[in-house]
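# Architecture at a glance
So you can see what is in the structure, the chains are spelled out below.
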Amino acid sequence: MKKGIISIAIAIGMLITSVVTVFAVTYTVGTTETWNYSTYEHGSYVPQIGWAQPTFYNTDGDAQNYAKTYCEFTLDNNNVSNILQYNAGTHSADSKNLFLTLDISSVRKSSTDKMDAYAISTSLPNPKSDLENDDLLGNRNEESEVVALGTVEATTYNMSVMWYDYREGETNDNGQWEVQFNMSGQYIGKGNLWIKTNGDYNNVWTSDVVQATMVYGKNGGSQ
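Residues numbered from 1 in each chain as written. Predicted model: local features only at pLDDT ≥ 70, side-chain atom pairs only at ≥ 80, totals over all residues. Heavy atoms only, no water.

### Re the environment of Lys 218
Relative to the helices and strands, Lys 218 is located in the segment after strand S14 (212-216). In sequence terms Lys 218 and Lys 114 are 104 residues apart; their C-alpha atoms lie 9.2 Å from each other. (Helix = DSSP H or I, 4+ residues; strand = E, 2+ residues; numbered from the N terminus.)

### Topic: the nonpolar core
Membership of the largest hydrophobic core comes to 37 residues, with the highest contact counts inside it found for Phe 73, Leu 100, Ile 104 and Trp 177. With near-sequence residues (within four places) excluded, Leu 100 lies in contact with Tyr 45, Leu 75, Ile 83, Leu 124, Val 146, Val 147, Ala 148, Phe 181, Asn 182 and Met 183. (Core = buried A, V, L, I, M, F, W, Y, C linked by side-chain atoms within 4.5 Å. Buried < 20%, exposed > 50% of the residue type's maximum accessible area, 1.4 Å probe, protein only. Contact = heavy atoms within 4.5 Å.)

### Here's the deal with the packing of aromatic side chains
Evaluated as defined, the whole model comprises 13 aromatic pairs. Aromatic pair Tyr 118 and Tyr 164: ring centres 4.1 Å apart, planes at 20 degrees, arrangement stacked. With Tyr 118 in strand S6 (residues 115-122) and Tyr 164 in strand S9 (residues 156-165), this pair connects stretches of sequence that are 46 residues apart. Aromatic ring contacts, followed pair by pair, group Trp 35, Phe 73, Tyr 157 and Phe 181 into a single cluster. Positioned above the aromatic ring of Tyr 166 is the side chain of Arg 140, whose terminal nitrogen or guanidinium carbon lies 3.7 Å from the ring centre. Over the ring of Tyr 187 we find Lys 196; its NZ or CZ atom is 4.7 Å from the centre of that ring. (Phe/Tyr/Trp six-rings, centres within 6.5 Å; stacked < 30°, edge-to-face > 60°. Lys NZ or Arg CZ within 6 Å of the ring centre and 35° of its normal.)

### Observations concerning the pairing of strand S11 (residues 187-190)
Sheet topology places S11 next to strand S12 (residues 193-196); four bridges connect them, and they run antiparallel. What sits directly across from Ile 188, in S12, is Ile 195. Between the antiparallel neighbours S11 and S12 lie two residues, among them Gly 191 with a positive phi of about 60 degrees. (Pairing = 2+ DSSP bridges.)

### So, the side chain of Gln 186
Assignment of secondary structure puts Gln 186 in the loop between strand S10 (175-185) and S11. Residue classification places Gln 186 among the buried residues on the basis of a relative accessible area of 17%. At a separation of 3.4 Å, a polar atom in the side chain of Gln 186 contacts the main-chain carbonyl oxygen of Asn 198. A polar contact of 3.0 Å, which involves the side chain of Gln 186, links it to the backbone oxygen of Gly 199. Those residues within four positions of Gln 186 in sequence are excluded, and the remaining contacts are Ile 195, Lys 196, Thr 197, Asn 198, Gly 199, Asp 200 and Tyr 201. (Polar contact = N/O pair within 3.5 Å; in protein donor to acceptor, adjacent residues only side chain to side chain.)

### Examining the pattern of salt bridges
Inspection of every chain in the model, using the stated rule, returns four salt bridges. Among the ionic pairs, Lys 96 bridges to Asp 94, the shortest N-O distance being 2.9 Å. Asp 94 carries the same exposure label as Lys 96, and that label is buried. (Salt bridge = Lys/Arg side-chain N within 4 Å of Asp/Glu carboxyl O.)

### What to know about the side chain of Ser 184
Residue placement: Ser 184 occurs in strand S10. On the basis of relative accessible area, Ser 184 is assigned to the buried category, the value being 0%. Polar contacts involving the side chain of Ser 184 include one to the side chain of Thr 101, which spans 2.5 Å. In contact with Ser 184, not counting residues within four places along its chain, are Asn 97, Leu 98, Phe 99, Thr 101, Val 147, Tyr 201, Asn 202, Asn 203 and Val 204.

Structural data, given as structure tokens:
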């Protein structure tokens, strides 16, 4: 009986081994994009220094290509002071309870999204992460977002996003990722009219410029 059990186990092991396929993955580290501001004209909550960089993973056609976008930035004492005032609803610019938010979005050239965000990691305190599909006709997440609900400090933080890469080499398969800071809260509205909710965190204040732009070409698995 034991011999029969062992024989079956060996047969199952051989079967499992025969169907396991190891995919070869090669990766390309993209161009580092930095920003360095001397003032706070783009928002008192916007870090003056930071950088972003993409990495592209090519499975040589055997499996789904994918990519990673990484952003690192440093909050200084002025950033922290203003952000904490926004958190408490005591900032001179706004009495709403707002929290530091970082968006990394894929801006496509084609009619369909070629990048689809599927995972977020960050060192921001008590983060609320969100993946969003703003295209009513699509089903891919072109936007990734992290809201820092915890107490920020004057230190360096990061955000990393994983993306499925659906580029096929077509003329308009190229595009770019854009990194931008915001202050968001549980409000809906626009302009001077905002209503408090218990739902999603929406951007109330947005930096007037994009902090970093990471361009990608038309071929999947490469920059």
